[in-house]
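One letter stands for each residue in the lines below.
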Amino acid sequence: MSRYQSCLVLNAGSSSLKFSVLRRDEATEDLHPVLNGQIAGIGTDARFEARDANRRVVAQRRWNAEDSQRRGALLEYLLAWLGQALPEDRIVAAGHRVVHGGRGYSRPVRVTPEVLSALEALVPLAPLHQPHNLAPMRALAASHPDLPQVACFDTAFHAELPWVASTYALPQELSYEGVQRYGFHGLSYEYVSQRLAALRPELANARVVVCHLGNGSSLAAVHAGRGVDTTMGFTALDGVPMGTRSGSLDPGVLLYLMREKGMGADALEDLLYRRSGLLGVSGLSSDMRALQESTDPAARRAVELFCFRVAKEVAAMAGSMGGIDALVFTAGIGENSPGVRAEVCSRLGWMGLAIDDYANGRSALEISADDSILPVFVLPTNEEKMIALHTLAMLAASAPNGREADEGQPCSTARTPATC
Ligand code: ADP
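This section reports on the structure supplied with the text. Fair warning: this is a prediction, and the values are worked out from it, not measured in the lab.

1. Focus: the site of the ligand
Logical step 1: The environment of the ligand is formed by G214, N215, G216, D287, M288, R289, Q292, A331, G332, I333, N336 and S337.
Logical step 2: A distance of 3.2 Å is found between an oxygen atom of the ligand and a backbone nitrogen or oxygen belonging to G216.
Logical step 3: A distance of 3.0 Å separates an oxygen atom of the ligand from a polar atom in the backbone of M288.
Logical step 4: Taken by itself the ligand offers 580 Å² of open surface, and the protein chains cover 70% of this.
Logical step 5: Among the elements of the structure, α10 (288–293) and α12 (331–336) are those that each provide at least two residues to the shell around the ligand.

2. Points about the environment of P297
Logical step 1: Its location among the elements puts P297 in helix α11 (residues 297–321).
Logical step 2: Residue P297 is classed as exposed on the basis of its relative accessible area, which comes to 59%.

3. Re the sheet that holds strand β12 (residues 326–330)
Logical step 1: Reading across from one edge, β11-β10-β9-β12-β13 is the order of the five strands in this open sheet, with mixed pairing throughout. Each of the sheet's edge strands pairs with one partner strand only, and the pair in question is β11 (226–230) and β13 (376–378). With strand direction ignored, the average angle separating the axes of adjacent strands in the sheet is 25°.
Logical step 2: With four bridges joining them, strand β10 (residues 217–223) and β11 adopt antiparallel strand pairing. Each residue of the ladder has a partner; that of V222, found in β11, is G227.

4. With respect to helix α3 (residues 130–143)
Logical step 1: Taking 1.5 Å of rise per residue, the 14 residues of α3 would be expected to cover 20 Å, and the 21 Å separating its terminal C-alpha atoms lies within 8% of that figure.
Logical step 2: Residues of α3 that are buried include every one of Q130, N133, L134, P136, M137 and L140, and no others. The buried residues of α3 all sit within an arc of 155° when viewed along its axis, so they share a single face.
Logical step 3: Packed against the buried residues of α3 are β1 (4–12), β2 (17–24), α1 (71–85), β6 (89–98), α2 (113–120) and β8 (149–153).

Cut-offs used in this document
Residues numbered from 1 in each chain as written. Predicted model: local features only at pLDDT ≥ 70, side-chain atom pairs only at ≥ 80, totals over all residues. Heavy atoms only, no water. Near = heavy atom within 4 Å. Polar contact = N/O pair within 3.5 Å; in protein donor to acceptor, adjacent residues only side chain to side chain. Areas by Shrake-Rupley, 256 points an atom, 1.4 Å probe, with all protein chains shown as cover. Helix = DSSP H or I, 4+ residues; strand = E, 2+ residues; numbered from the N terminus. Buried < 20%, exposed > 50% of the residue type's maximum accessible area, 1.4 Å probe, protein only. Pairing = 2+ DSSP bridges. Axes fitted to C-alpha atoms, helices over the stretch in contact; angles between N-to-C directions. Expected span 1.5 Å × (residues − 1). Arc of directions from axis to C-beta. Contact = heavy atoms within 4.5 Å.

Spelled out as C-alpha cells, the structure:
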C-alpha cells in the first residue's frame, strides 16, 4: 500500500528529459519535491542523473550510442527506476511542460488523443520545442494508458493579453492564421505572481513587472495576477537578449541578411537562436555568471547591453499597465545575480526605484531600499511545482467525487489544491 500520492513532472527537450517528483503532504495539502534530475544527451550519449530533495546525487547511469536513441526505452527506464526508488509513493499523474498551447488552450488540459492532435497542429509555431514536448505524452499514453496526463502551457498565462498587446501591425489575415504575440515563461509568471500574493497579500491586485532572467529571458506585466503584456512574442526569440538568442531586432536586419549575405531560414535560425545574445556580443560565453567573473571588456559590454535592455523593458511593461507597484526578479540570473539586479535598478532610478545593497547582495526576499518608491523582490520560480499543482487539481476535479472536468476543458487555478 503506497503511503504517498505523488506527481511526476516532465519537461522534454530535443536532447534532454528533465523530471521531478513532487509528493503531496496530506496534512497541509502542499507539495514537496522528493526527486529530480534528467536524462541528458538523448540521441547521442544518454546520461541519467537523479538528485534527492537535498540536491544529493542518488543515481547515475549512461547508455551506449545505440541505446541513447531509444527515447521510449529511456522513459520506461525512468519510470521503472522511480518505482523502485520511491517504494512508498504512487505516481497518480504526469504533468508535462508544453511550450505552445496556441489560441485554443488558455489553461492546462487533460491529455487525450484529440488534445494530442490539436497540439501536434501547433508544431509549426514552435518547431524546436513542441515535438519534443509531445513525444513523452504519446509514449506514456501507449505504455501507461491508465496514468492521467496533463499538459501545462508556457503560453497560457498570456492568453488574455489585450488585443493591442497580442497583435502585430501586419495585414490582419496573418493574425487570423495565428501570427500574433503569444508570450512564454507563463508557468513561471503564474507561480511567481501567486507567491507574491501569498507573501504580500496587499499586492494581490497590484501592477507588477516580473523579470524572468535565465538562459531564456523575458519580462511580463502582471496586473492583479493576470498577464497584460510580455516581451516575448510569436516565438521565444523576441524581447531582451538572452544567453544565445538575439531578442528583438529590426525585421529589416533579417531582410538585409537574406539579400546581402544569402542567408536562408536555417542559417538565420542558427544565428538568432544559437549564436547571438550574450554569446554573440561577448564572443566568449552565454553564461551570465562566467561573463560577470570575466575581466574581458567584451564580457562587460554583453552584461551592460543585457541590463540596458532589461531596464528599458521594465519601463515598457510599466507603461503597458499605466504604472507599476512592484518589481520582481526571478530565474537563474534574476535570483542569483546581485550585479545584474543592481545595474537594472540603477538604470531605473528615475522611477524613484532604489535598492538596498546589503539585502541585494544576500538575494533577500525584498531588496528595495527604505526610500524606494517601489518594493523590489527576489522570488525563486518553481515551474515544476506549478505544473504539479495544476495536474493534481485537474485530477481532483475529474475524480468521481469531484467536479467532473470536461475533456479538453481547462483546470482553473482557483481549484488548485494548495497555494504555492
Ligand atoms: P534556464 O533558462 O535554462 O532555466 P536558468 O534560469 O537556470 O536558465 O538561468 C541560467 C543563467 O543564470 C545562466 O546565465 C547563469 O550564469 C545564471 N546564473 C546562475 N547563477 C548565477 C550567479 N550566481 N550569478 C550570475 N548569474 C548566475
